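A look at the structure
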Amino acid sequence: MIYLDHNATTSISPEVVDAMMPYFTSAWGNPSSAYKFGSKLKGAMETARGQVADLVGGQHREIIFTSCGTESNNTAIHAALQSNPVKRHIITSAVEHSSVLSYCRALERDCYRVTYLPVDCDGLLKLADLEKAITNETVVVSLMWANNETGVLFPVKEVAEICRSRGVLYHCDAVQAVGKVEIDVSKVPVDYLSLTGHKFHAPKGIGALYVRRKVPCSPLIYGGHQERKMRGGTENVALIVGLGKAAELAHKNLNDYEEKVLPLRDKLEKGILDSIPNTELNGHKVHRLSNTTNITFREIESEALLFLLDQKGVCASSGSACLADSDGPSHVIMAMKPNSMTGSQTIRFSVGKLNTTSEIDSALSAVTNAVQTLLG
Ligand code: PLP
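Residues numbered from 1 in each chain as written. Predicted model: local features only at pLDDT ≥ 70, side-chain atom pairs only at ≥ 80, totals over all residues. Heavy atoms only, no water.

1. Side note on the site of the ligand
In plain terms, the rule: Whether a residue is near a molecule or strand is decided by its heavy atoms; if any one of them lies within 4 Å of it, the residue is near. What qualifies as a polar contact is a pair of N or O atoms within 3.5 Å, subject to a donor-acceptor requirement within protein and to the restriction that residues adjacent in sequence count only when both atoms come from side chains. Accessible surface is estimated by sampling points in the Shrake-Rupley manner with a 1.4 Å probe; for residues, cover comes only from the protein chains shown. A run of H or I in DSSP becomes a helix once it reaches four residues, and a run of E becomes a strand once it reaches two; helices and strands are each numbered from the N terminus.
Within the structure, the ligand sits among 14 residues, and T70, D173, Q176, T196 and K199 are positioned closest to it. Within the contact set of the ligand, an oxygen atom lies 2.8 Å away from a side-chain nitrogen or oxygen of Q176. Taking T196, its side chain carries an N or O atom lying 2.7 Å from an oxygen atom of the ligand. Burial of the ligand by the protein amounts to 93% of the accessible area it has alone, namely 390 Å². A total of three residues in the shell around the ligand trace back to one element, the largest contributor, which is helix α4 (residues 69–83).

2. A word on helix α5 (residues 98–109)
Applied cut-off: Multiplying 1.5 Å by the helix residue count minus one yields the expected span of that helix. Any residue under 20% of the maximum accessible area for its type is buried, any over 50% is exposed, and the rest in between are partly exposed; the area is computed with a 1.4 Å probe on protein chains only.
Between the first and last C-alpha of α5 there are 16 Å, a value that for 12 residues agrees with the 16 Å anticipated at 1.5 Å per step. Turning to α5, its buried residues are S98, S99, V100, L101, Y103, C104 and L107. Immediately beyond the C-terminal end of α5, within one or two residues, lies C111, with a positive phi of roughly 70°.

3. Describing the nonpolar core
Selection criterion: Only buried residues count toward a nonpolar core. Its members are Ala, Val, Leu, Ile, Met, Phe, Trp, Tyr and Cys residues joined through side-chain atoms within 4.5 Å. Contact criterion: two residues are considered in contact whenever any of their non-hydrogen atoms come within 4.5 Å of each other.
Ranked by internal contacts, the top residues of the largest apolar core, which has 64 residues, are Y170 and L193. With 10 residues, helix α9 (residues 237–275) is the single largest residue contributor to this core. L193 has contacts with V56, W145, H171, C172, A174, I183, V185, A208, L209 and Y210, leaving out every residue within four places of it along the chain. Core analysis: the second largest hydrophobic core is formed by 27 residues, Y257, I272, I295 and A370 among them.

4. A word on the pairing of strand β3 (residues 89–93)
The line we're drawing: Think of it like this: strands point away, you trace from the first strand over the helix to the second, and a clockwise trace means the crossover is right-handed. Strands are treated as partners if at least two bridges between them are detected by DSSP.
In terms of burial, β3 is largely enclosed, as five of its five residues are buried. Residues H89, I91 and S93 of β3 are buried on one face, and the alternating residues I90 and T92, pointing to the opposite face, are buried as well. Following the chain from β3 across α5 to the adjacent parallel strand β4 (residues 113–117), one finds a crossover that is right-handed. Where β3 lies against strand β5 (residues 138–142), three bridges are found, and the strand directions are parallel.

5. What about helix α12 (residues 357–375)?
Between its first and last C-alpha, α12 extends 27 Å over 19 residues, near the 27 Å set by a 1.5 Å rise per residue. Where α12 is buried, its residues meet β1 (2–3), α9, β10 (292–297), α10 (302–311), β11 (314–315) and β12 (346–350). With its phi angle positive at about 70°, G376 sits one or two positions after the end of α12.

6. A few points about the packing of α10 against α12
Rule in force here: Geometry is summarised by axes, namely lines fitted to C-alpha atoms with helices restricted to the contacting stretch, and by angles between N-to-C directions that run from 0 to 180 degrees. What sets the label is the angle itself: under 35 degrees gives roughly parallel, over 145 gives roughly antiparallel, 65 to 115 gives roughly perpendicular, and the rest give oblique. By convention the crossing between two helices is left-handed if the near helix lies anticlockwise of the far one by an angle smaller than a right angle, and right-handed if it lies clockwise.
Contact pair α10 / α12: the axes reach a minimum separation of 9 Å and the direction vectors enclose 130°. Classed by the angle they form, the pair α10 and α12 counts as oblique. Regarding α10 and α12, the two cross each other, and that crossing is right-handed. Listed contacts from α12 to A304, L305, L308 and L309 of α10 are A366, V367, A370, V371, T373 and L374.

As structure tokens, this is what we get:
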């Protein structure tokens, strides 16, 4: 198998498995219990909280563990709305992940007004559009750090500064950015920031939400006193420890990440664009994640190409894994190129630090052969 779908999910690092193992086998208590067998687990959770905080430049007390990026996104938007129920305007973009867009659409049915900011043909946002969209009714802006389909980076620092100066809360979905680019909430004044473990070599089913100190927060899931009453439910200590370990490793290895993935991504991208006719890059060439390339193969349905690639052991995708079962064209490509008919002719390749040059060579010839087969 040649796995080129790291924006969908990543393998669990062996160090993360090792760190989690005791909490599946011997240390399986409930951290809320009064006796030591349970309560001593709080220490492990707090270590993990510190590791996650360090990864994003925040403070220990500003991290809430959740079950995934989707829950983090929903919690942040919900908390912001609860902070001022009189204001009923939300701003987001047309290219956010479904965990933000679906929630916004549900909120529209609940009498909220949502502005979906457009992007240009490179997937970039215009800050002037954001400035214009903010009104006295706006309570929260939710704009992602890096797009999951194209890797395009939004100008989050400028977005955060605009939101702060206009007195609106800013939530950033940083699920795809964490572990790939530097994130430092002491330099970028976001109010809420979402992350999920399975995008940086922790298991699926564990995420976190950074909430800046003094920023309004209220639970999405009501229950016991866990997570300082901000998220009910007995904590999954093993997964929390795994998230912490993965965060520590991602932090330590951040400087090497781009050095490892960029030459591989560029080799694959150049190989496809130079040798296969009617291909085109989607997304800004420079302002994007170093591991992601999204390419249109004109006249070829992505599903057919992905099927042939799968037969040759190459894993890639046509867009978000969360929407892989829908037949519609990618909402991200449609927002970038509304007049193009190619929304369902795109493939996203996202490389990882464990890929090798020879895998890229094999993937390139698999793509070339599959395209030749499909064009007959
Ligand atoms: N936000 C973005 C940008 C994503 O790419 C994803 C997952 O693909 C999510 C949110 C949702 O994360 P999770 O799968 O942990 O719910």
